[in-house]
Amino acid sequence: MSGYDKVKSQQKSAEEHYQNTVARIQQIQSQFNDSPGSGKLKGKVAVVTGVGSLKGIGRAAAILFAREGATHLYLIDYDGTNLPNLKSTIESKYPQVKVTTIQADAANEAAISGVCELALKEAGRLDVFFANAGLASMDPLHDTTVETFMNIMRVNALSCFLAVKHASTAMMKTNSSRGKDKSGGSIILTASTAGIRSGAGTVDYSAAKAAVNSIAKTSAYQLQKTDIRVNTICPGLIETGMTGATFDYARKRGTAGKIGQLNPLGRYGVAEEIANAALFLASDDSSYVNGQNIAVDGGLSASHPVVPGRWA
Ligand SMILES: NC(=O)c1ccc[n+]([C@@H]2O[C@H](COP(=O)([O-])OP(=O)(O)OC[C@H]3O[C@@H](n4cnc5c(N)ncnc54)[C@H](O)[C@@H]3O)[C@@H](O)[C@H]2O)c1
């Protein structure tokens, strides 16, 4: 049997593979929910944007940062609906963590400079800024208006520029009474695999995410010798509020087993898996990781399209 045929014969049925995916995701989520945490962010003060969606990456990251011992979290979304729920969820599970929720636009300069100043005033320091708020668009090239293009750039890219500009200013401030004797911090931006290659988003969204990837590289360069690191996470297909309609539609049609088949793991991801990457970048575990665009995508951006059972 050729290597090709051997791989093909070892393929699981689509249904069996989907059942494995569901079980794997349940395992990942229960590990996330049940872990006691290990103090990776002990003493740190963090801002997270785009936390309002119940299944979103920002909410998962905020809960994880609390589990890992952050002292004060500043949590922003322009939609205030789920902010009280997030605050009470964190405060009931991790009562030692202070939570401030703010309904604001992550692409508004006054809001972003304001939250950084507030963190310095109230908590005495700023250590982590996870600029995660983002918005996808749907229109094909010839239907994309100037307004849509500019709004997608504003929400996705300008928000990250403002985060780097104002968070880095705050992170340079020292305060020995709060245990911060030197400049330092970690700025994490949510980009996308769409910002690395084509095929994962619209022209405007992909351009905005490519800009985010560039912002991390250039600002890491400009922030040299400050011990402030700037990196992006490039998620692949993650089941969140942003992609929920696609998942619901596939499940209704009975084609859920096809979701995420284009990457080598052959499955979609969940918000907790991106939050884990954000924790790595936020913590000192990544102390020498700087200016990088880190794909968390099941191997999607590393691979040519995967055709089940085929190598070529
Ligand atoms: N879900 C995916 O497959 C995927 C893939 C790649 C990248 N991303 C990126 O991940 C990030 C998080 O998205 P998600 O998947 O959790 O989606 P989501 O829609 O579940 O959450 C995004 C949150 O951002 C908030 N938001 C949007 N614009 C905002 C603004 N201007 N100011 C403040 N808050 C704002 C929304 O209200 C929402 O709560 C986004 O930057 C998105 O582009 C997602």
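Just so it is clear, the model here is predicted, and its values are computed rather than measured. (Residues numbered from 1 in each chain as written. Predicted model: local features only at pLDDT ≥ 70, side-chain atom pairs only at ≥ 80, totals over all residues.)

Participant: Sorry, what's going on with the overall build of the chain here?
Facilitator: Counting its regular elements, the chain contains nine helices and nine strands. For the chain, the C-alpha radius of gyration of 20 Å lies close to 20 Å, the compact-globule estimate for 312 residues. Across the 312 residues in the chain, those meeting the buried criterion constitute 44%. A separation threshold of at least 6 residues defines the contact pool for the chain, and within that pool the share at least 24 residues apart is 77%. (Helix = DSSP H or I, 4+ residues; strand = E, 2+ residues; numbered from the N terminus. Rg over C-alpha atoms; globule rule 2.2 N^0.38 Å. Buried ≥ 20, exposed ≤ 12 C-beta atoms within 10 Å, placed from the backbone. Contact = placed C-beta atoms within 7 Å.)

Participant: For this particular structure, what's the right way to read the environment of S303?
Facilitator: Structurally, the position occupied by S303 is in the segment after β9 (293–296). Taking the C-alpha atoms as reference points, S303 and D79, separated by 224 residues in sequence, lie 36 Å from one another. Aside from chain neighbours lying at most four places away, what touches S303 is N263 and P264.

Participant: Is there a simple way to explain the site of the ligand in this structure?
Facilitator: The full set close to the ligand counts 31 residues, and G50, S53, G56, G134 and G241 are the nearest of them. Sorting the residues of the shell around the ligand by element identifies α3 (57–67) and β2 (72–77) as the ones contributing at least two each. Residue classes in the shell around the ligand are distributed as 14 nonpolar, 13 polar and four charged. (Near = placed C-beta within 6 Å. Nonpolar A, V, L, I, M, F, W, Y, C, P; charged D, E, K, R; others polar.)

Participant: Would you mind going over the nonpolar core with me for this structure?
Facilitator: For soluble globular proteins, nonpolar side chains are generally found buried alongside one another. By size, the foremost hydrophobic cluster in this structure holds 79 residues, and its most contacted members are A46, A62, F65, F130 and A278. When residues of this core are assigned to their parent elements, the largest contribution, eleven residues, is made by helix α6 (residues 146–171). Sequence-distant contacts of A278, that is, excluding residues within four places in its chain, are made with A61, F130, I188 and I233. (Core = buried A, V, L, I, M, F, W, Y, C linked by C-beta atoms within 7 Å.)

Participant: Mind showing me how you'd approach the confidence of the model for the chain here?
Facilitator: Caution applies to low-pLDDT parts of the model: their predicted coordinates are not meant to be read in detail. The share of residues in the chain with pLDDT of 70 or more is 95%, and the mean pLDDT across the chain is 94. Taken element by element, the predicted model of the chain shows its lowest mean pLDDT in helix α1 (residues 3–10) (62) and its highest in strand β4 (residues 128–131) (99). (pLDDT = per-residue confidence, 0-100.)

Participant: Help me out: how do you make sense of helix α8 (residues 244–253) in this one?
Facilitator: The periodicity of an α-helix, 3.6 residues per turn, causes residues three or four places apart in sequence to face the same way. Taken across its ten residues, α8 has zero buried, putting it largely on the surface. Note on α8: the residue one or two positions beyond its end, G254, has a positive phi of about 75°.

Participant: Before we go on, may I ask you to explain the environment of A271 in this structure?
Facilitator: Summarising the element assignment, A271 is placed in helix α9 (residues 271–282). Spatially, the C-alpha atom of A271 lies 16 Å from that of A136, the residues being 135 residues apart in sequence.

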